[in-house]
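Architecture at a glance
Given next are the chains, with one letter for each unit.
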Amino acid sequence: MPSHRSIAEAEKLAAAKLGAIPIHREQMAVVANIYRAASAVRQHLENSVLRGADLTWTAFVVLWVVWVWGESETRHVAEEAGISKGTLTGVSRTLEGRGLVKRTVHPSDGRRVLLSLTEEGEALMGRLFPEFNQEEAFVTSRLGGEECRSLADGLRQVVLQIEEHGEERRLALLDGAEPTPRRSGRRPKD
């Protein structure tokens, strides 16, 4: 969605385009605004607090997961961060190169890898997270405490719906078939 359009303009354009199509408009607005808010927050945080630490959003989320959960298997870190294992491999190697994380072989299974923060990674998160949280407060400053609690609870309900019923719904929509593999967007060569 072009960044030069306001939310109100985008909503008017969508309403005009959809016209009389029978859709769930309130639910569409919720999902569209989850996306818009997530994109706006991510961009703001990457361009402010995280830029100063030379971190991407994804790198910060990986650091956060390992900081909170402690030493963890890479598959669990990837799942918790909402990224693929391949993406985690690249991010963790970059963070390891910067001396922020340590990758070690699992003691009972050499095929698995554990991630933990180094002392430098711990120190960075101890300094960085309070700044990050100040920006969390900034981006939600139009909401009062009860509105924040209510919004957080509503978003938890969206996540729980997907966690508890998403797989069942996917199977029903795809008639039990596995989803087709994702493509990079590139056209195959002739």
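Here the structure is shown first, and the text comes after it.
Just so we're clear, the structure is a prediction, and the values are computed from it rather than from any experiment.

1. Focus on the environment of alanine 59
Tracing the chain through its elements places alanine 59 in helix H4 (residues 57-69). Separated by 35 residues in the primary sequence, alanine 59 and threonine 94 place their C-alpha atoms 8.7 Å from one another. When near neighbours in sequence (up to four residues on either side) are disregarded, alanine 59 contacts Val91 and Leu95.

2. Notes on a negative patch on the surface
Among the surface-exposed residues, Glu79, Glu80, Glu163 and Glu164 lie close enough to one another that they form a single negatively charged patch. Elements that contribute at least two residues to the negative patch include exactly helix H5 (74-81) and helix H8 (145-173). Tracing the sequence through the fold places glutamate 79 in helix H5. Given a relative accessible area of 65%, glutamate 79 falls into the exposed group.

3. Remarks on the sheet that holds strand E2 (residues 101-105)
Across the sheet, which stays open at both edges, the three strands sit in the order E1-E3-E2 with antiparallel pairing between neighbours. Two strands in the sheet have a free side with no partner beyond their single neighbour: strand E1 (72-73) and E2. In terms of strand pairing, E1 meets strand E3 (residues 113-117) through two bridges, oriented antiparallel. By the bridge assignment, serine 72 is partnered in E3 with leucine 115. On the sheet, helix H6 (residues 85-97) packs against E2 and E3 and is oriented at approximately 120° with respect to E2.

4. Details of the pairing of E3
The element E3 is largely enclosed, with a buried count of four among its five residues. With five bridges joining them, E2 and E3 adopt antiparallel strand pairing. By the bridge assignment, lysine 102 is partnered in E3 with serine 116.

Thresholds applied
- Residues numbered from 1 in each chain as written.
- Predicted model: local features only at pLDDT ≥ 70, side-chain atom pairs only at ≥ 80, totals over all residues.
- Heavy atoms only, no water.
- Helix = DSSP H or I, 4+ residues; strand = E, 2+ residues; numbered from the N terminus.
- Contact = heavy atoms within 4.5 Å.
- Patch = residues over 30% accessible without salt bridge, like charges linked within 9 Å, V, L, I, M, F, W, Y side chains within 5 Å.
- Areas by Shrake-Rupley, 256 points an atom, 1.4 Å probe, with all protein chains shown as cover.
- Salt bridge = Lys/Arg side-chain N within 4 Å of Asp/Glu carboxyl O.
- Lys, Arg positive; Asp, Glu negative; His and termini not counted.
- Charge placed at Lys NZ, Arg CZ, Asp CG, Glu CD.
- Buried < 20%, exposed > 50% of the residue type's maximum accessible area, 1.4 Å probe, protein only.
- Pairing = 2+ DSSP bridges.
- Axes fitted to C-alpha atoms, helices over the stretch in contact; angles between N-to-C directions.

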